[in-house]
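# Structural overview
Take a look at the letters that make up each chain.
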Amino acid sequence: MSECPNCKNKIGLLYLKQNCPHCGVNLCFYNYEENFNRDAKKAELSLARINIFIAHLKASFIGSRLTVARLCVMLLPVASFLVPYGKVIFSQPFLHGSVSLSALGLYGAYEDGYLPYILSMTGSAVNGRAFLLLTFALCALLLAAVAALLIFFLTLLCFLSVKKMHKVLAGTAVAGAVLSALSFVLTAVFASSARSLDLISGEAFPGFLVSVLFFAAVALINILIGKKGLAIVYHEGDEERAAIAKKVRAGELSLADLPQPVVETAETEKIRLEIEKQQALYREREEGDGSA
């Protein structure tokens, strides 16, 4: 059951004719011009939001050499964790082997049961300090790896906040570099304290420098992007349309109060003049046919 927009009488579901059975108004073209203008305003405002989103997308990824460089380096911190920071050697009757302090090494240590053993030995009265230092080193390494993954995903989502994302990425990269250096220092201290032990020994490698270098590159590029800004190219009138659309959604303006087009630009003026020209030609032909 539907309702006639003119007389408000009910119309049956199986009624398929164009005109209202009560008042005779054409149901398809009732308030056609008003509805057309409303839909045209909605489309204009919606298209402006899409254009701005695309402009942010382009500026964030290919807007300048710096943004392209940011894309190129986003995976480097993740890849740097393939380089080992150090090595831990277990020399026990039932637990003999070594663990590389890298991404793949930690995964293997978890699979082989080394990590639970390390955590369980932190409370040992004799060897507890060495195992505790090793645990801290592993935690710092893990947090640095998390920072590297965050950089990768945040770079892919940098278009969501063109004004703030470079700051977040730079801060995350600095934190990752600090954590990488801290992991190396803790590993070195652990290796030094484990020299007098028979159960475990270790060695620190300078591989952390690769991670620090890559994190620093990410931080530097994002700092430069913040200083130079993003080259965002908007279509004429889109920013004004977006501001108007925001007010419409907030209820400060209604579509009925807006002109058509909502924002007059050189492009819309050209279209309007062409429409008026075609209308004038049509009237001339109509007048010519009438006089004939």
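Reference entry: report on the structure contained in this document. These figures come from a predicted structure and were not determined experimentally.

How each quantity is defined
Residues numbered from 1 in each chain as written. Predicted model: local features only at pLDDT ≥ 70, side-chain atom pairs only at ≥ 80, totals over all residues. Heavy atoms only, no water. Axes fitted to C-alpha atoms, helices over the stretch in contact; angles between N-to-C directions. Helix = DSSP H or I, 4+ residues; strand = E, 2+ residues; numbered from the N terminus. Parallel < 35°, antiparallel > 145°, perpendicular 65-115°, else oblique. Contact = heavy atoms within 4.5 Å. Buried < 20%, exposed > 50% of the residue type's maximum accessible area, 1.4 Å probe, protein only. Pairing = 2+ DSSP bridges. Phe/Tyr/Trp six-rings, centres within 6.5 Å; stacked < 30°, edge-to-face > 60°. Disulfide = S-S within 2.5 Å. Core = buried A, V, L, I, M, F, W, Y, C linked by side-chain atoms within 4.5 Å. Left-handed = near helix turned anticlockwise from the far one by under 90°. Nonpolar A, V, L, I, M, F, W, Y, C, P; charged D, E, K, R; others polar. Polar contact = N/O pair within 3.5 Å; in protein donor to acceptor, adjacent residues only side chain to side chain.

## Description of the packing of helix α1 (residues 32-62) against helix α2 (residues 65-73)
Running from N to C, α1 and α2 cross one another at 70 degrees; their axes reach a closest spacing of 5 Å. Between α1 and α2, the angle is such that the two are roughly perpendicular. For the pair α1 and α2, the contacting residues are A59, S60, F61 and I62 in the first and T67, V68, R70 and L71 in the second.

## Quick word on the side chain of S60
The topology assignment puts S60 in helix α1. On the accessibility criterion, S60 (1% relative accessible area) is buried. Residue contacts for S60: discarding those within four places in its chain leaves T67, R70, C158, F159, V162 and L230.

## Observations regarding unusual backbone geometry
Omega for the bond connecting Q260 with P261 falls within 30 degrees of zero, at 5 degrees, which places this linkage in the cis form. Inspection of the secondary structure assignment puts P261 in the loop between α9 (238-250) and α10 (266-291). The backbone phi angle of K8 is positive, close to 65 degrees, even though this residue is not glycine. With respect to the secondary-structure elements, K8 resides in the loop between β1 (2-3) and β2 (10-11).

## Here we look at the sheet that holds strand β5 (residues 200-204)
Paired through their backbone hydrogen bonds, the strands of a sheet run either parallel or antiparallel. As summarised here, the arrangement of the three strands in space is β4-β3-β5, forming an open sheet in which the pairing is antiparallel. Each end of this open sheet is capped by a strand with a single partner; those strands are β4 (96-100) and β5. The mean angle between the axes of side-by-side strands here comes to 15 degrees, regardless of whether they run parallel or antiparallel. Bridge count for strand β3 (residues 86-91) against β4 is five bridges, and the pairing is antiparallel. Bridge pairing in β4 places K87 opposite S100. Running over the sheet, helix α7 (residues 165-193) touches β3 and β5 and is turned about 140 degrees from β5.

## Here's the deal with the packing of aromatic side chains
Evaluation of the coordinates by the stated rule reveals six aromatic pairs. Between the aromatic rings of F61 and F159, the centroid separation amounts to 6.0 Å while the plane-to-plane angle is 70 degrees, which identifies the pairing as edge-to-face. One end of the pair, F61, is in helix α1; the other, F159, is in the loop between α6 (128-156) and α7, with 98 residues separating them in the sequence. Across the pair, F159 and F61 agree in class, each one buried. Relative to F208, the ring of F184 has its centre 4.1 Å away and its plane inclined at 15 degrees; by these criteria the two rings are stacked. In this pair, F184 is assigned in helix α7 and F208 in helix α8 (residues 208-228), connecting sequence segments 24 residues apart. Residue F208 is classed as buried on the basis of its relative accessible area, which comes to 12%. The rings of F53, F61 and F159 are connected pair by pair, giving a single aromatic cluster.

## Concerning the state of the cysteines
For the structure shown, the criterion picks out zero disulfides. Here C28 is not disulfide-linked; the sulfur of C4 is the nearest cysteine sulfur, at 12 Å.

## Regarding the nonpolar core
Core analysis: the biggest nonpolar cluster contains 46 residues, and F90, F190, I200 and F215 have the highest contact counts within it. Of all the secondary-structure elements, those providing two or more residues to this core are α2, β3, α4 (103-112), α5 (114-120), α6, α7 and α8. With 13 residues, α6 is the largest single contributor of residues to this core. Ignoring anything within four residues of it in the chain, the contact list for I200 reads V88, I89, F90, F131, L134, F190 and A194. L45, A245, L258 and V263 belong to the second largest nonpolar core, which has seven residues in total.

## Quick notes on the packing of α7 against α8
Contact pair α7 / α8: the axes reach a minimum separation of 8 Å and the direction vectors enclose 160 degrees. In terms of orientation, α7 and α8 fall into the roughly antiparallel class. Crossing angle aside, the handedness with which α7 passes α8 is left-handed. In contact with H166, L169, A170, A173, V174, G176, A177, S180, A181 and F184 of α7, α8 contributes F208, S211, V212, F215, V218, A219, N222, I223, I225 and G226. Taken together, the residues that form the contact of α7 with α8 break down as 14 nonpolar, six polar and no charged.

## Quick word on the environment of D238
As for its placement among the helices and strands, D238 is situated in helix α9. Taking C-alpha positions, D238 is 7.0 Å from I52, a pair spaced 186 residues apart along the chain. Apart from the residues lying within four places of it in its own chain, the contact partners of D238 are A48, N51 and I52. At 3.2 Å, the side chain of D238 and the side chain of R241 are in polar contact.

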